[in-house]
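Chain by chain, the residues:
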Amino acid sequence: MNQSWDPKLYSRDAAFVSNYGTDLLSMLDPAEGRSLLDLGCGEGALTEKLLSLGWNVTGVDSSEEQVRAALMRGISAKVMDGEHLKFDETFDYVFSNAALHWMKKPKKVLDGVWNALKAGGSFVGEMGACGNVESVVRIASNILMEKGFDPKEFNPWYFPSEDEYSELLIARGFSIESIQTFRRPTELPGDILDWLTIFAQSFTSPLKNSHKKQFYCEMRERLKGQLLSDEGKWIVDYVRLRFKAFRLV
Ligand code: BEZ
């Protein structure tokens, strides 16, 4: 996958990701100093909140730049790929907000999460669900196909249905306490070009650098009808999957 992260841009244009994640914190029990792995901690905005709630937090993220930014906030963070987690019965909780959909091999992720948890430990997560940012995926795929590329190769996201993810969790030995899918139309703080530049880079990977901006502008034109409101706000068609599960033994 061709994706890089700029912590400053992310904090400016994507702060809504960790703001929405604050809601997910209510699915955690009181911290009481227990250990928690923040899987896909990014630049650490939400991880910082976990710390302030009294969790003994370790953050991991595959982006060196984001981990550097998290370290600057005083978070214990390391660069680690979520499909190759290297922990052994270390944590009471694994928590993940808006990160699991960037990991296209969910079985590997769940193996790593299961191993990282102590027996009886909890896995609390939110990710994009089946149908998430559907209009973005459709338009990006159409433009790539028109240019003669296979869009599947360049789609960086894994958005499972509730049934599919439930099956994976159960097959790996988790017991599901709750799992739900819900729509969350998400108003962007600025123009969709900023969002595309941060999140949709992978779709432009077969293109020359000099053609990437044009690709995003073409997407913007085609998305206007569906995502630009009469008031001039961009509202993206987010659909979320939220769950809490336990490692059984
Ligand atoms: C999401 O959090 O749902 C998301 C993030 C980036 C791209 C697409 C979706």
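For the structure itself, look to the data block above.
In short, a report on the structure. (Residues numbered from 1 in each chain as written. Predicted model: local features only at pLDDT ≥ 70, side-chain atom pairs only at ≥ 80, totals over all residues. Heavy atoms only, no water.)

Turning our attention to the side chain of Thr-47. Structurally, Thr-47 can be placed in helix 3 (residues 45-52). Assessed through its relative accessible area of 0%, Thr-47 is described here as buried. One polar contact links Thr-47 to Asp-38, side chain to side chain, over a distance of 2.8 Å. Apart from residues lying up to four places away in sequence, Thr-47 is in contact with Asp-38, Cys-41, Val-57 and Ile-75. (Helix = DSSP H or I, 4+ residues; strand = E, 2+ residues; numbered from the N terminus. Buried < 20%, exposed > 50% of the residue type's maximum accessible area, 1.4 Å probe, protein only. Polar contact = N/O pair within 3.5 Å; in protein donor to acceptor, adjacent residues only side chain to side chain. Contact = heavy atoms within 4.5 Å.)

So, on to the site of the ligand. Taken together, the neighbourhood of the ligand is formed by Ala-98, His-101, Trp-102, Asn-132, Val-133, Trp-157, Trp-195, Phe-199, Tyr-238 and Arg-240. A distance of 2.4 Å separates an oxygen atom of the ligand from a polar side-chain atom of Arg-240. Coverage of the ligand by the protein amounts to 99% of the 260 Å² it exposes when considered alone. Among the secondary structure elements, those contributing two or more residues to the shell around the ligand are helix 8 (192-199) and strand 7 (235-247). Of the residues contributing to the shell around the ligand, the split by class is seven nonpolar, two polar and one charged. (Near = heavy atom within 4 Å. Areas by Shrake-Rupley, 256 points an atom, 1.4 Å probe, with all protein chains shown as cover. Nonpolar A, V, L, I, M, F, W, Y, C, P; charged D, E, K, R; others polar.)

Within this structure, the stated rule accounts for 17 aromatic pairs. Seen in terms of ring centroids, Phe-123 and Phe-243 are 4.9 Å apart; in terms of plane orientation they differ by 70°. Their pairing is edge-to-face. One end of the pair, Phe-123, is in strand 5 (residues 117-128); the other, Phe-243, is in strand 7, and 120 residues separate them in sequence. The exposure class assigned to Phe-243 is buried, which follows from its relative accessible area of 0%. By way of ring pairs, the aromatic residues Trp-5, Phe-16, Trp-102, Trp-157, Phe-159, Trp-195, Phe-199, Phe-203 and Tyr-238 are connected into one cluster. Lying across the ring of Trp-114, Arg-247 places its NZ or CZ 3.7 Å from the centre. (Phe/Tyr/Trp six-rings, centres within 6.5 Å; stacked < 30°, edge-to-face > 60°. Lys NZ or Arg CZ within 6 Å of the ring centre and 35° of its normal.)

What follows is about the sheet that holds strand 3 (residues 77-79). Reading across the sheet, the seven strands line up as 3-2-1-4-5-7-6 and stay open at both edges, with mixed pairing between neighbours. Each edge of the sheet is formed by a strand with only one pairing partner; in this case those strands are strand 3 and strand 6 (174-187). With strand direction ignored, the average angle separating the axes of adjacent strands in the sheet is 15°. Strand direction decides the pairing type here: strand 4 (residues 91-97) and strand 5, joined by six bridges, are parallel. (Pairing = 2+ DSSP bridges. Axes fitted to C-alpha atoms, helices over the stretch in contact; angles between N-to-C directions.)

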